[in-house]
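Each chain, letter by letter, is given below.
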Amino acid sequence: MNNKESELYRLLDIAIQCCATTNKDGSYSITKEDILGKTRVENVVMTRCVLICLILHSGYSVTTAAKFLNRTIPAIRYLEKLSDNLFKTSRAYRIAMAEATIEVEKDKEEENKK
């Protein structure tokens, strides 16, 4: 796995960590397979929107996001637009985005220290 792929998977892990709830056995309610698959459950779609924002704000292109998520470019643009709507209407989404942004910034600071 190259650096680009490892960064995308790191962003995926952050999005899942910030959007999922923890089960009694310690696992998360949302898995990588859910996000990369075709599930249309509300929490999974919200997590995909968070992930799209993280990917795009990290400087990756829409095409890279589409290839990573096995989606079309119009589907990524739709999720980006949905993200804006969720930000306006969903408190849970705003909390998840804030947590995810903090985690990404924290990781960037740790990388700069190295």
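Residues numbered from 1 in each chain as written. Predicted model: local features only at pLDDT ≥ 70, side-chain atom pairs only at ≥ 80, totals over all residues. Heavy atoms only, no water.

Go over the overall build of the protein chain, please, and point to the residues and values.
Secondary structure summary: the protein chain contains 6 helices and 0 strands in total. If you list the helices and strands of the protein chain from N to C, you get α-α-α-α-α-α. Here the protein chain has a C-alpha radius of gyration of 14 Å; the compact-globule value for 114 residues is 13 Å, and the two agree. For the protein chain, the proportion of its 114 residues judged to be buried stands at 40%. Relative to all contacts within the protein chain whose residues are 6 or more apart in sequence, the contacts with residues 24 or more apart total 58%. Carbon together with sulfur atoms contributes 51% to the accessible area of the protein chain, which is approximately 7,200 Å² in total. Considering the protein chain, the positive charge centre built from 18 side chains and the negative charge centre built from 16 side chains are found 6 Å apart. (Helix = DSSP H or I, 4+ residues; strand = E, 2+ residues; numbered from the N terminus. Rg over C-alpha atoms; globule rule 2.2 N^0.38 Å. Buried < 20%, exposed > 50% of the residue type's maximum accessible area, 1.4 Å probe, protein only. Contact = heavy atoms within 4.5 Å. Areas by Shrake-Rupley, 256 points an atom, 1.4 Å probe, with all protein chains shown as cover. Lys, Arg positive; Asp, Glu negative; His and termini not counted. Charge placed at Lys NZ, Arg CZ, Asp CG, Glu CD.)

Talk me through the packing of aromatic side chains; I want residue IDs and the actual numbers.
Scanning the entire structure with this criterion turns up 2 aromatic pairs. Seen in terms of ring centroids, Tyr 9 and Phe 68 are 5.1 Å apart; in terms of plane orientation they differ by 80°. Their pairing is edge-to-face. With a gap of 59 residues between them, Tyr 9 in helix α1 (residues 3-19) and Phe 68 in helix α4 (residues 62-69) connect regions that are remote in the sequence. With 6.5 Å between their ring centres and 90° between their planes, Phe 87 and Tyr 93 make a pair best called edge-to-face. (Phe/Tyr/Trp six-rings, centres within 6.5 Å; stacked < 30°, edge-to-face > 60°.)

Give me the packing of α1 against helix α6 (residues 91-113): which residues, what numbers.
Running from N to C, α1 and α6 cross one another at 140°; their axes reach a closest spacing of 9 Å. On the basis of their axis angle, the class for α1 and α6 is oblique. Where α1 crosses over α6, the two elements pack in a sense that is right-handed. Contacts between α1 and α6 involve Glu 7, Arg 10, Leu 11, Ile 14, Cys 18 and Cys 19 on the former and, on the latter, Ala 96, Glu 99, Ala 100, Glu 103, Val 104, Asp 107 and Glu 111. Of the residues that constitute the contact of α1 with α6, the class distribution is 7 nonpolar, no polar and 6 charged. (Axes fitted to C-alpha atoms, helices over the stretch in contact; angles between N-to-C directions. Parallel < 35°, antiparallel > 145°, perpendicular 65-115°, else oblique. Left-handed = near helix turned anticlockwise from the far one by under 90°. Nonpolar A, V, L, I, M, F, W, Y, C, P; charged D, E, K, R; others polar.)

Go over the pattern of salt bridges, please, and point to the residues and values.
Using the criterion set out here, one finds 5 salt bridges in the structure. Its salt-bridge partner being Arg 10, residue Asp 107 comes within 2.4 Å of it at the nearest N-O pair. One end of the pair, Asp 107, is in helix α6; the other, Arg 10, is in helix α1, and 97 residues separate them in sequence. This pair shows no difference in class: Asp 107 is buried, exactly as Arg 10 is. Of the charged contacts, one joins Glu 103 and Lys 106 as a salt bridge, the two residues approaching to 3.3 Å between their closest N and O atoms. With Glu 103 and Lys 106 both in helix α6 and 3 residues apart, this pair spans about one turn of that helix. Residue class for Glu 103 comes out partly exposed when judged on its relative accessible area of 23%. Among the charged side chains, a salt-bridge network with shared partners connects Glu 7, Arg 10 and Asp 107. (Salt bridge = Lys/Arg side-chain N within 4 Å of Asp/Glu carboxyl O.)

Just give me the short version of the nonpolar core, but keep the residues and values in it.
Membership of the largest hydrophobic core comes to 36 residues, with the highest contact counts inside it found for Ile 35, Val 50, Leu 51, Leu 54, Ile 55 and Tyr 93. Of all the secondary-structure elements, those providing two or more residues to this core are α1, α3 (42-57), α4, α5 (73-89) and α6. (Core = buried A, V, L, I, M, F, W, Y, C linked by side-chain atoms within 4.5 Å.)

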